[in-house]
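Coordinate analysis (summary)
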Amino acid sequence: MEKRFVYADNAATTKVSKEVLDAMYPYFTEEYGNASSIYGLGRNSKKAIEASREKVAKAIGAEPSEIYFTSCGSESDNWAIRGTCQRLKAKGKNHIITSVFEHHAILHTCQALEKEGYEVTYLPVSPLGFVNPDDVKNAIREDTAIVSIMYSNNEIGTIQPIAEIGAVCREKGVIFHTDAVQAVGNVEIDVKAQNIDLLSLSGHKIHAQKGIGAIYVRKGLALPNLIFGGAQERSKRAGTENVPAIVGLGTAIEIATADIKSKNEKVTAMRNRLIDGILQLPRTRLNGDREKRLAGNCNISIEGVEGESLLLMLDMNGICASSGSACTSGSLDPSHVLLALGLKHEVAHGSLRLSISAETTDEDIDYILEVVPNIVNRLRDMSPLWEHIIKGESFN
Ligand SMILES: *Cc1c(COP(=O)(O)O)cnc(C)c1O
């Protein structure tokens, strides 16, 4: 098969779509007004921002007044947790509940708060990658300020029982935040029906540009200001708005949520083909639940290969993918997500995450399914450990 370029790392970032770029373009060229100015040019920018806010709100079942634009998903996560803790400090609430396999934007915020005297409960996840709503219920205390559980995991794609967790939190009167960066546009979200108080989302995971995000803050919650300055974002996050990026996010979220069902049918079929194809290799296992996972997510551990070597060889063959191995990040430990599932270190190190999108084609899948087994077989042939592994115990 002829070499081709296949981007299969959409959980890391996505390509800006043509529609998004077209929608943004005028705000780089003719429509450069400052949204705070009173003349027409400025008012055009203001109108564009508000139209985008409406689109973001509609996509998750919120009111436009409950949406604030931020610079990224990480910023939204930080603001949600720090802001809530700050707001409830006077009430003596200094306990946070989250899970062990959150994104680092959540985990590192929690760790920083621990240094400031907060207590954090890190809930475990099941071997298939789920947080148990009963565990959330049992962990809630008098002094719990916030529960933060991600909507779907960025590495293994599992979709959490968000409505159940939301119901538990609402019943106990505790603020519920969800990092929905991976879920938005891929899963139907209704913040009211699901009792979500705070939700983070990001543009670059849904075919908008990098550096734009948003947070939903349920009416009446009022997070403390994040950036002091002008009156932008109702004075809560000052700074002249990034109008093109905001317009791009609005366009991207509208497209992503227009017909999630039929998009997912198409993507899931390709994803299943990937999973089934790679699992034909001996000594492999699917990480995360087979059904309750993001349509585009395939995460498989391949025993006897090193994730980094696999990625380099895939790159040489034109395939962009990701791994549960974290050597590039300067840490010798494999992914905290895979370890949380109970995987052994050596197994977690040999993991491959392929994340596809609606732009992926059947030919791309054919190509991946031809290249991956070839590379795996070559790496295993070269590995001094492989002989031992096939004589030893299966990890399945
Ligand atoms: C990408 C991602 C983030 C961070 O979003 P940025 O916009 O890159 O800051 C946070 N949480 C999850 C689950 C993500 O996948």
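**Digging into the state of the cysteines**
In total, this model carries zero disulfides according to the counting rule given. The structure places no disulfide on Cys110, whose sulfur is separated from the nearest cysteine sulfur, that of Cys85, by 7.6 Å. Lacking any disulfide linkage, Cys169 is separated from the closest cysteine sulfur, that of Cys85, by 14 Å.

**Brief notes about the sheet that holds strand E13 (residues 351-355)**
The strand order E9-E10-E13-E12 describes an open sheet built from four strands, whose pairing is antiparallel. For this open sheet the edge positions go to strand E9 (284-286) and strand E12 (322-323), each flanked by a neighbour on one side alone. Here E9 pairs with strand E10 (residues 297-302) via three bridges, running antiparallel. Within E10, the residue paired with Leu286 across the bridge is Ile300. Across the sheet, helix H8 (residues 260-279) is in contact with E9, E10 and E13; its angle to E10 comes to roughly 10°. Sheet strands in contact with helix H9 (residues 307-316) are E10, E12 and E13, and its direction is about 40° off that of E13.

**Some words on the site of the ligand**
Taken together, 13 residues form the shell around the ligand, and within it Ser74, Asp179, Gln182, Ser202 and Lys205 come nearest. Within the backbone of Gly73, an N or O atom sits 2.8 Å from an oxygen atom of the ligand. Surface burial for the ligand is 90%, taken as the share of its 380 Å² of free accessible area covered by protein chains.

**Here we look at the pattern of salt bridges**
This structure, assessed with the given rule, holds 19 salt bridges. Of the charged contacts, one joins Asp366 and Arg273 as a salt bridge, the two residues approaching to 3.0 Å between their closest N and O atoms. Of this pair, Asp366 sits in helix H12 (residues 362-382) while Arg273 sits in helix H8, and the two are 93 residues apart along the sequence. Classification of Asp366 by relative accessible area gives partly exposed; the value is 32%. With a relative accessible area of 32%, Arg273 lands in the partly exposed category. Note that Arg290 is salt-bridged to Asp276, the shortest N-O span being 2.9 Å. Of this pair, Arg290 sits in the loop between E9 and E10 while Asp276 sits in helix H8, and the two are 14 residues apart along the sequence. Asp276 sits in the partly exposed class, given a relative accessible area of 38%.

So, how was this worked out
- Per-chain numbering applies: the sequence of each chain, read as written, is numbered from 1 onward.
- A pLDDT threshold of at least 70 governs which residues receive local features in this predicted model, and a stricter bar of 80 or more applies before side-chain atom pairs are shown or counted, although totals over entire chains, interfaces and linings include all residues.
- Derived side-chain values reflect all non-hydrogen atoms in the structure, with water molecules and hydrogen atoms excluded from consideration.
- Disulfide: a pair of cysteine sulfur atoms within 2.5 Å of each other.
- Pairing between strands is defined by DSSP: at least two bridges between the two strands are required.
- Secondary structure follows DSSP: runs of H or I at least 4 residues long count as helices, runs of E at least 2 residues long count as strands, and numbering of each begins at the N terminus.
- In this analysis, two residues are considered to be in contact whenever any of their non-hydrogen atoms come within 4.5 Å of each other.
- To get an axis, fit a line to the C-alpha atoms, keeping to the stretch in contact for a helix; angles then go from 0 to 180 degrees between the N-to-C directions.
- Residues are classed as near a molecule or strand on a simple rule: at least one heavy atom within 4 Å of it.
- Whenever two N or O atoms come within 3.5 Å, that pair is a polar contact, provided that in protein one can donate a hydrogen and the other can accept it, and provided that, for residues adjacent in sequence, both atoms are side-chain atoms.
- In short, Shrake-Rupley with a 1.4 Å probe defines the accessible areas, and a residue's cover is counted only from the protein chains shown.
- What makes a salt bridge here is a side-chain nitrogen of Lys or Arg within 4 Å of a carboxyl oxygen of Asp or Glu, nothing more.
- Think of it in three bands: with a 1.4 Å probe and only protein chains considered, a residue is buried below 20% of the maximum accessible area for its type, exposed above 50%, and partly exposed in between.

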